[in-house]
Amino acid sequence: MRKLAAGNWKMNGTRAALSELEALAQAHPTPSVDILICPPATLVQPAAALLADAAVAIGGQDCHMARAGAHTGDIAAAQLADAGATAVIVGHSERREDHGETSDVVREKANAAHDAGLIAVICVGETLAERDAGHTLDVIGAQLAASLPETCTAANTVIAYEPVWAIGTGKMPTLDQIAEVHGFLRDTLAARFGDSEAAGMRLLYGGSVKATNAAEIFAVANVDGALVGGASLREDDFSQIISALQDAL
Ligand code: PGA
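Residues numbered from 1 in each chain as written. Predicted model: local features only at pLDDT ≥ 70, side-chain atom pairs only at ≥ 80, totals over all residues. Heavy atoms only, no water.

1. Some remarks on the overall build of the protein
- Tallying secondary structure elements over the protein gives 11 helices and eight strands in all.
- Dimensions of the protein, computed from C-alpha atoms along their principal axes, come out at roughly 45 × 45 × 35 Å.
- Relative to its full complement of 249 residues, the protein shows a buried share of 50%.
- Within the protein, the 31 negative side-chain charges are centred at a point lying 1 Å from the centre of the 16 positive side-chain charges. (Helix = DSSP H or I, 4+ residues; strand = E, 2+ residues; numbered from the N terminus. Buried < 20%, exposed > 50% of the residue type's maximum accessible area, 1.4 Å probe, protein only. Lys, Arg positive; Asp, Glu negative; His and termini not counted. Charge placed at Lys NZ, Arg CZ, Asp CG, Glu CD.)

The structure is reproduced here in C-alpha cells:
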C-alpha cells in the first residue's frame, strides 16, 4: 500500500497560506508516498484548483452525515468532492469533544463520505484518564466498532490513531504503546473486513508528530503514515515529515 502523510490545518489559514501548499507541491513533484492536506473549508476549492496537477491531494476536516438539506453551517460530503476534495477527516477528537459527536454520528459521516466517493480518514483515540485506567484498547475497540460503516474498504478508509492527550501537547505515547494500538487496529479490522482489506487500510499515528520524532514513529510496525496538525502548517516542517516517511519505505 502507499503510505500517507496527511496534514490537518484545523482552523488555521487564510488565502495567504496557499503559498505554503504551492511550495509543498513544488518540493514533492513525484513523491513515493501519498500527501494529503486538509485545510479549512474556505480553502478547499482554491487549494484543490491550485494543486490540480500536483501530487498533493486536498481533503475536508469534517462533513455532515446528510446528503443535503436544512443544516445551517454544515457541509455535505458531495460538496467537498465538488470543490475538489478527495478525502475528509471524520471523528477527530476535537469534533467529538467540541460538537458532541458520538461514534454513531461518525459512522454516518464516514458512510456519507464513501457515498460521495471520498476517502474517510476516521479518527479514534483514548483520553489520558482512559489510558491511566488501563482501558485504552477497550475504548478504541468500541470506537472502531461503532465509527466504521459497512462501506469501508482498503481504498476508501484510513484509520488515524490519535491519543487525545497527545494532540497539540508535545506529549507522545511510547513507541511500544503505538505498536500495541496499531497492532490491535489491524487485527480488529481484519476480524471485521477480512485480512486483505485490513492489510490495505492505512493506519496513521497522530498527536505531536514533528520532524524530530517522525522517523522513529514511522519505524513502528503497522504505522502507515501520520496525521499531523501543527507541523503541517509550514511547508518546511511538513516536508521533513514527508521525507522521513519516504525514507522509512
Ligand atoms: P498535532 O495535531 O500534530 O498538532 O498534535 C494532530 C491532530 O489533531 O490531527
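There's plenty left to go through after this.
2. A word on helix 1 (residues 18-27)
- For helix 1, the set of buried residues is Leu18, Leu21, Leu24 and Ala25. Seen along its axis, helix 1 keeps its buried residues to an arc of 110°; they face one direction.
- Residues of helix 1 that are buried make contact with strand 2 (34-38), helix 2 (41-50), strand 3 (56-60) and helix 11 (235-247). (Arc of directions from axis to C-beta. Contact = heavy atoms within 4.5 Å.)

3. Looking at helix 8 (residues 175-193)
- Spanning 19 residues, helix 8 covers 26 Å between terminal C-alpha atoms, matching the ideal 27 Å at 1.5 Å per step.
- Every buried residue of helix 8 is listed here: Ile178, Val181, His182, Gly183, Leu185, Arg186, Leu189, Ala190 and Phe193.
- At the C-terminal side of helix 8, Gly194 shows a positive phi close to 95°. (Expected span 1.5 Å × (residues − 1).)

4. Some points on the nonpolar core
- If you look at the biggest cluster of nonpolar residues, it comprises 63 residues, and the most contacted ones within it are Ile122, Ile159, Leu185, Phe218 and Phe238.
- Ranked by residues supplied to this core, first place goes to helix 8 with six residues.
- Apart from the residues within four sequence positions on either side, Ile122 is in contact with Val90, Val106, Ala110, Ser147, Leu148, Pro149, Cys152, Thr157, Val158, Ile159 and Ala160.
- Ranked by size, the runner-up nonpolar core spans 12 residues in total, among them Leu4, Ala87, Val121 and Leu204. (Core = buried A, V, L, I, M, F, W, Y, C linked by side-chain atoms within 4.5 Å.)

5. Comments concerning the environment of Ala145
- Here Ala145 shows up in helix 7 (residues 136-147).
- Separated by 65 residues in sequence, Ala145 and Leu80 place their C-alpha atoms 26 Å apart.

6. With respect to the layout of surface pockets
- When its volume is computed, the largest pocket comes out at roughly 550 Å³.
- Lining the largest pocket are 20 residues, with Ala41, Gln61, Asp62, Arg95 and His99 positioned closest to its centre.
- Looking at the lining of the largest pocket, the elements that each hand over two or more residues are helix 2 and helix 4 (93-98).
- Ranked by the residues each element gives to the lining of the largest pocket, the list is headed by helix 4, at three residues.
- In this structure, the second largest pocket spans a volume of roughly 210 Å³.
- Lining the second largest pocket are 17 residues; nearest its centre among them are Gly168, Gly207, Ser208, Gly229 and Gly230.
- In terms of residue class, the lining of the second largest pocket is built from five nonpolar, nine polar and three charged. (1 Å grid on protein atoms, 1.4 Å probe; cavity = no way out; pocket = protein on both sides within 12 Å on 5 of 7 lines; lining within 4 Å. Points joined across faces, edges and corners; volume = space filled by probe spheres on them. Nonpolar A, V, L, I, M, F, W, Y, C, P; charged D, E, K, R; others polar.)

7. With respect to the sheet that holds strand 6 (residues 157-161)
- Spatial ordering of the closed barrel is given by 1-2-3-4-5-6-7-8, a layout of eight strands whose pairing is parallel. Here the average twist between neighbouring strands, direction ignored, is 25°.
- Across four bridges, strand 1 (residues 4-8) lies against strand 8 (residues 225-228) in parallel orientation. Among the inter-strand pairings, Ala6 is bridged to a residue of strand 8, identified as Leu227.
- In this fold helix 7 packs onto strand 5 (119-124) and strand 6, with an angle of close to 150° to the strand it touches most, strand 5.
- Running over the sheet, helix 11 touches strand 1, strand 2 and strand 8 and is turned about 160° from strand 1. (Pairing = 2+ DSSP bridges. Axes fitted to C-alpha atoms, helices over the stretch in contact; angles between N-to-C directions.)

8. Notes on the site of the ligand
- Taken together, 13 residues lie near the ligand, and Lys10, His92, Glu162, Gly168 and Ser208 sit nearest.
- Separating an oxygen atom of the ligand from a side-chain N or O atom of Glu162 is a distance of 2.6 Å.
- The separation between an oxygen atom of the ligand and a polar main-chain atom of Gly168 is 2.7 Å.
- In the complex, the protein chains occlude 94% of the 280 Å² of accessible area that the ligand would expose alone.
- According to the grid-proximity analysis, the pocket containing the ligand is the second largest pocket.
- Class assignment of the residues belonging to the shell around the ligand gives a composition of four nonpolar, seven polar and two charged. (Near = heavy atom within 4 Å. Polar contact = N/O pair within 3.5 Å; in protein donor to acceptor, adjacent residues only side chain to side chain. Areas by Shrake-Rupley, 256 points an atom, 1.4 Å probe, with all protein chains shown as cover. Sits in = over half its atoms within 2 Å of the grid points.)

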